[in-house]
Amino acid sequence: MRSVSVLVVEDDEIWQQIIEETLQSLDCHVDVASNCQAAIKKLDAHPYDMVTLDMALSQEEEKLTVTASGGWRLLVYKLARYFPGTFIFVISASFKDQLERVFELNKEYGVRGFTTKIHFDPNILEDWVREVQEFKEAGGRPDVTTQELLSIYRSRPDITTQKLLDLYEQQLAIQKKNKAQSELQKAKLGLLAPPMFDHTIRQCEEEIERIEAEIAALSR
């Protein structure tokens, strides 16, 4: 499995250590940010596959509502907007009885998973890392895609989040098309088992046509 790069956004030193050591045991490359400013600086400097996010990033923020926390602002105004391809998982003690916020995290901002700190289990992190690895193994976006999208966003500040997501999907479709064309070339060169020649060529050509239609639709 491919290595996963992770940014841990957490202010508590004990929790930083717990999460960092667990991820390192799973062969992840881990960076830690203890506040919004440090997280933004690291995100701008390096594309991460995965972010674990605490909501309250100081003792003072523990007294605030979830939507007033630094973690919430980082999610809404930075991660969800600029990094639609990054897997975001929330590890937070901030929610208590505000469970509707958990659904909002997923529906509105694309958070892939959530756990409260009181229910934290290292196996949850293992499951999350495996999800990211499987996505990468299946041909998920390379780091360069995130950088390209970020470049597009910075050069066109008027672009909507939905358009940015469409561009992201278009990049993935182009990647799939390139893979299908590679398989088609292999089939035509006779690099696949003989019984598969006609079937594989036909299958690849159909896949390329489908993807080209998908790219055309996203480009409108």
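A brief look at the structure comes next. (Residues numbered from 1 in each chain as written. Predicted model: local features only at pLDDT ≥ 70, side-chain atom pairs only at ≥ 80, totals over all residues. Heavy atoms only, no water.)

**Digging into unusual backbone geometry**
Move 1: Even without being glycine, Asp27 reaches a positive phi, approximately 65°.
Move 2: Within the secondary structure, Asp27 sits in the loop between helix H1 (13-25) and strand S2 (29-33).
Move 3: In this structure Asp27 comes out as exposed when scored by relative accessible area, which is 61%. (Helix = DSSP H or I, 4+ residues; strand = E, 2+ residues; numbered from the N terminus. Buried < 20%, exposed > 50% of the residue type's maximum accessible area, 1.4 Å probe, protein only.)

**Some points on H1**
Move 1: Compared with the 18 Å implied by 1.5 Å per residue over 13 residues, the 18 Å span of H1 between its first and last C-alpha is a close match.
Move 2: Residues of H1 that are buried include every one of Trp15, Gln16, Ile19, Thr22 and Leu23, and no others. On an axial view of H1, the arc spanned by its buried residues comes to 145°, and they lie on one face. In this structure, H1 carries Glu13, Ile14 and Ser25 as exposed residues pointing more than 90 degrees from its buried face.
Move 3: Phi turns positive one or two residues past the end of H1, at Asp27, with a value near 65°. (Expected span 1.5 Å × (residues − 1). Arc of directions from axis to C-beta.)

**Some remarks on the pattern of salt bridges**
Opposite charge on two side chains makes pairing possible when the charged atoms of those side chains draw close.
Move 1: What the rule picks out here adds up to seven salt bridges.
Move 2: Ionic pairing is found between Lys117 and Asp54, a salt bridge with its closest N-O pair at 3.2 Å. Of the two residues, Lys117 sits in the loop between strand S5 (113-116) and helix H5 (122-137) while Asp54 sits in the loop between strand S3 (50-53) and helix H3 (70-82), which places them 63 residues apart along the sequence. Just as Lys117 is buried, Asp54 falls in that class too.
Move 3: The closest approach of N and O atoms between Glu131 and Arg112, which form a salt bridge, is 3.7 Å. Placement of the pair is Glu131 in helix H5 and Arg112 in the loop between helix H4 (99-109) and S5, with a sequence separation of 19 residues.
Move 4: One salt-bridge network, held together by shared partners, links Glu10, Asp54 and Lys117. (Salt bridge = Lys/Arg side-chain N within 4 Å of Asp/Glu carboxyl O.)

**Points about the packing of aromatic side chains**
Move 1: Summed over the entire model, instances satisfying the criterion amount to five aromatic pairs.
Move 2: Among the aromatic residues, those joined into a ring-pair cluster are Phe87, Phe89, Trp128 and Phe135.
Move 3: The cationic tip of Arg112 hangs over the ring face of Phe87; the distance from NZ or CZ to the ring centre is 3.9 Å. (Phe/Tyr/Trp six-rings, centres within 6.5 Å; stacked < 30°, edge-to-face > 60°. Lys NZ or Arg CZ within 6 Å of the ring centre and 35° of its normal.)

**Concerning the packing of helix H2 (residues 36-45) against H3**
Move 1: Between H2 and H3, the shortest axis-to-axis distance is 10 Å and the interhelical angle comes to 25°. Judged by the inter-axis angle, H2 sits roughly parallel to H3. In this structure, H2 meets H3 at a crossing whose hand is right-handed. On H3, the residues that touch Cys36, Ala39, Ile40, Leu43 and Asp44 of H2 are Gly70, Gly71, Leu74, Lys78 and Leu79.
Move 2: Residues of the contact of H2 with H3, tallied by class, amount to six nonpolar, two polar and two charged. (Axes fitted to C-alpha atoms, helices over the stretch in contact; angles between N-to-C directions. Parallel < 35°, antiparallel > 145°, perpendicular 65-115°, else oblique. Left-handed = near helix turned anticlockwise from the far one by under 90°. Contact = heavy atoms within 4.5 Å. Nonpolar A, V, L, I, M, F, W, Y, C, P; charged D, E, K, R; others polar.)

**Some remarks on the side chain of Ser92**
Move 1: The residue Ser92 is located in strand S4 (residues 87-92) in this model.
Move 2: At a separation of 3.4 Å, a polar atom in the side chain of Ser92 contacts the side chain of Asp54.
Move 3: Ignoring any residue separated from it by four or fewer positions in sequence, one finds Ser92 in contact with Asp54, Met55, Phe114, Thr115, Thr116 and Lys117. (Polar contact = N/O pair within 3.5 Å; in protein donor to acceptor, adjacent residues only side chain to side chain.)

**Structural notes on the pairing of strand S1 (residues 5-9)**
Move 1: Summarising burial for S1: five of the five residues are buried, a large majority.
Move 2: Both faces of S1 are covered, namely the face carrying Ser5, Leu7 and Val9 and the face carrying Val6 and Val8.
Move 3: This β-α-β element, S1 to H1 to S2, shows right-handed connectivity. (Right-handed = clockwise from strand over helix to strand, strands pointing away.)

**A word on H5**
Move 1: Taking 1.5 Å as the rise per residue, H5 with 16 residues should run 22 Å; its terminal C-alpha atoms sit 23 Å apart, in good agreement.
Move 2: Considered for burial, the residues of H5 that qualify are Leu125, Trp128, Val129, Val132, Gln133 and Lys136. In a view along the axis of H5, the buried residues occupy a sector of 135°, so they form one face of it.
Move 3: Capping the start of H5 is the job of one residue whose side-chain oxygen sits 2.8 Å from the backbone nitrogen of Asn123: Asp121.

**Here's the deal with the sheet that holds S5**
Move 1: Strand order in this open sheet of five strands is S2-S1-S3-S4-S5, and the pairing throughout is parallel. The strands lining the two open edges of the sheet, one partner per strand, are S2 and S5. Across this sheet, the average inter-strand angle for adjacent strands is 15°, counted without regard to direction.
Move 2: For S1 and S3, the ladder comprises four bridges, and the chain directions are parallel. Each bridged residue has a counterpart across the sheet, and for Val9 the counterpart in S3 is Leu53.
Move 3: Sheet contacts for H3: S1, S3 and S4; angle to S3, the most-contacted strand, approximately 150°.
Move 4: This element, H5, spans S3, S4 and S5 of the sheet and lies at about 170° to S4. (Pairing = 2+ DSSP bridges.)

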